[in-house]
Amino acid sequence: MTRVGVFSDSHGDQKALFQLLENMGMMDAACFLGDIARDADFLRDALRVLPHQPPLYAVRGNNDFVTSLPENLIVELGGTRIWMEHGHRCAGELALAYRAMENKAEIALFGHSHVPFCQYVNGILLLNPGSAGNYCRGGAARASLLTINRGLFRVDDVTL
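Residues numbered from 1 in each chain as written. Predicted model: local features only at pLDDT ≥ 70, side-chain atom pairs only at ≥ 80, totals over all residues. Heavy atoms only, no water.

(A) Region of interest: helix H2 (residues 37-48). Look at H2: 17 Å from first C-alpha to last across 12 residues, which is about the 16 Å you get at 1.5 Å a residue. If you follow the buried residues of H2, they end up packed against strand S1 (2-7), helix H1 (14-24), strand S2 (29-32) and strand S3 (56-58). (Helix = DSSP H or I, 4+ residues; strand = E, 2+ residues; numbered from the N terminus. Expected span 1.5 Å × (residues − 1). Contact = heavy atoms within 4.5 Å.)

See below:
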């Protein structure tokens, strides 16, 4: 079983990021889907102090102007291929599912809208955890915990 923390659109609210990370408990890896790149650095540093030091995978968002983070990324976690992008260059859920399919991924992680989304489209699990920042659109900070177990996926919302 592999547990993956999924974060996006924190927009500088590192206090909320840290609280979400603490609320998730043990995880094997974390994914950050952009906006703001320095928050990815903050998460990476927070993960490094954990005893098992889970890796962080991160992509840039539309507000990440000066960063070396890639536009998209493919990772394999728990035997599952995962497509990651911020989502601001995507025409919609169907286009995102096709990008994942073209890259032989079973899951597509995205952010940008600040609106949580978890649904299968053309056999691809699309997951947007919503905004990990309390200051974004006035809502509570949130993230997702993705559990991968022998090709089966479970998504739990983590909110403050």
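Next comes the rest of the description.
(B) Molecular detail of the sheet that holds S2. The strand order across the open sheet built from 5 strands is S3-S2-S1-S9-S10, with neighbouring strands paired in mixed fashion. Here the strands that pair on one side only, and so sit at the sheet edges, are S3 and strand S10 (152-159). This sheet shows a mean twist of 20° between the axes of neighbouring strands, independent of strand direction. Sheet topology note: the S1/strand S9 (residues 142-149) ladder contains 5 bridges and is antiparallel. Of the residues in S9, the one forming a bridge with valine 6 is serine 144. Along the sheet face, H1 touches S1, S9 and S10 and points at about 160° away from the line of S1. Against the sheet, H2 engages S1, S2 and S3, with an angle of about 170° to S3. (Pairing = 2+ DSSP bridges. Axes fitted to C-alpha atoms, helices over the stretch in contact; angles between N-to-C directions.)

(C) Representation of the pattern of salt bridges in the model. Considering all chains together, one arrives at 7 salt bridges under this definition. For the salt bridge of arginine 48 with aspartate 45, the shortest nitrogen-to-oxygen distance reads 3.3 Å. Note that arginine 48 and aspartate 45 are positioned in helix H2 at a spacing of 3 residues, about one turn of the helix. Of the charged contacts, one joins glutamate 85 and arginine 99 as a salt bridge, the two residues approaching to 2.7 Å between their closest N and O atoms. With glutamate 85 in strand S5 (residues 80-85) and arginine 99 in helix H3 (residues 93-102), this residue pair connects regions lying 14 residues apart in the sequence. When salt bridges that share partners are traced, they join Arg60, Glu71 and Arg89 into one network. (Salt bridge = Lys/Arg side-chain N within 4 Å of Asp/Glu carboxyl O.)

(D) H3, seen in detail. Along H3, the residues that are buried comprise Leu96, Ala97 and Ala100. The arc enclosing the buried residues of H3, seen along the axis, measures out at 100°, which places them on a common side. Contact partners of the buried residues in H3: S5, strand S6 (107-109), strand S7 (117-121) and strand S8 (124-128). Downstream of H3 by a residue or two, lysine 104 has a phi angle that is positive, lying close to 55°. (Buried < 20%, exposed > 50% of the residue type's maximum accessible area, 1.4 Å probe, protein only. Arc of directions from axis to C-beta.)

(E) Fine view of the environment of tryptophan 83. You can see tryptophan 83 is positioned in strand S5. The exposure class of tryptophan 83 is buried, given its relative accessible area of 6%. Along the backbone, tryptophan 83 and leucine 126 are 43 residues apart, and their C-alpha atoms lie at a distance of 9.5 Å. Contact partners of tryptophan 83, with chain neighbours within four places excluded, come to Asn72, Leu73, Ile74, Leu96, Arg99, Ala100, Asn103, Ala105, Ile107, Ala108 and Leu109.

(F) Representation of a nonpolar patch on the surface within the structure. Residues Leu94, Tyr98 and Met101 make up a contiguous nonpolar surface patch of about 280 Å² in total accessible area. Tracing the backbone through its elements, the reader meets methionine 101 in helix H3. Taking relative accessible area as the criterion, methionine 101 reaches 36% and is therefore assigned partly exposed. (Patch = residues over 30% accessible without salt bridge, like charges linked within 9 Å, V, L, I, M, F, W, Y side chains within 5 Å. Areas by Shrake-Rupley, 256 points an atom, 1.4 Å probe, with all protein chains shown as cover.)

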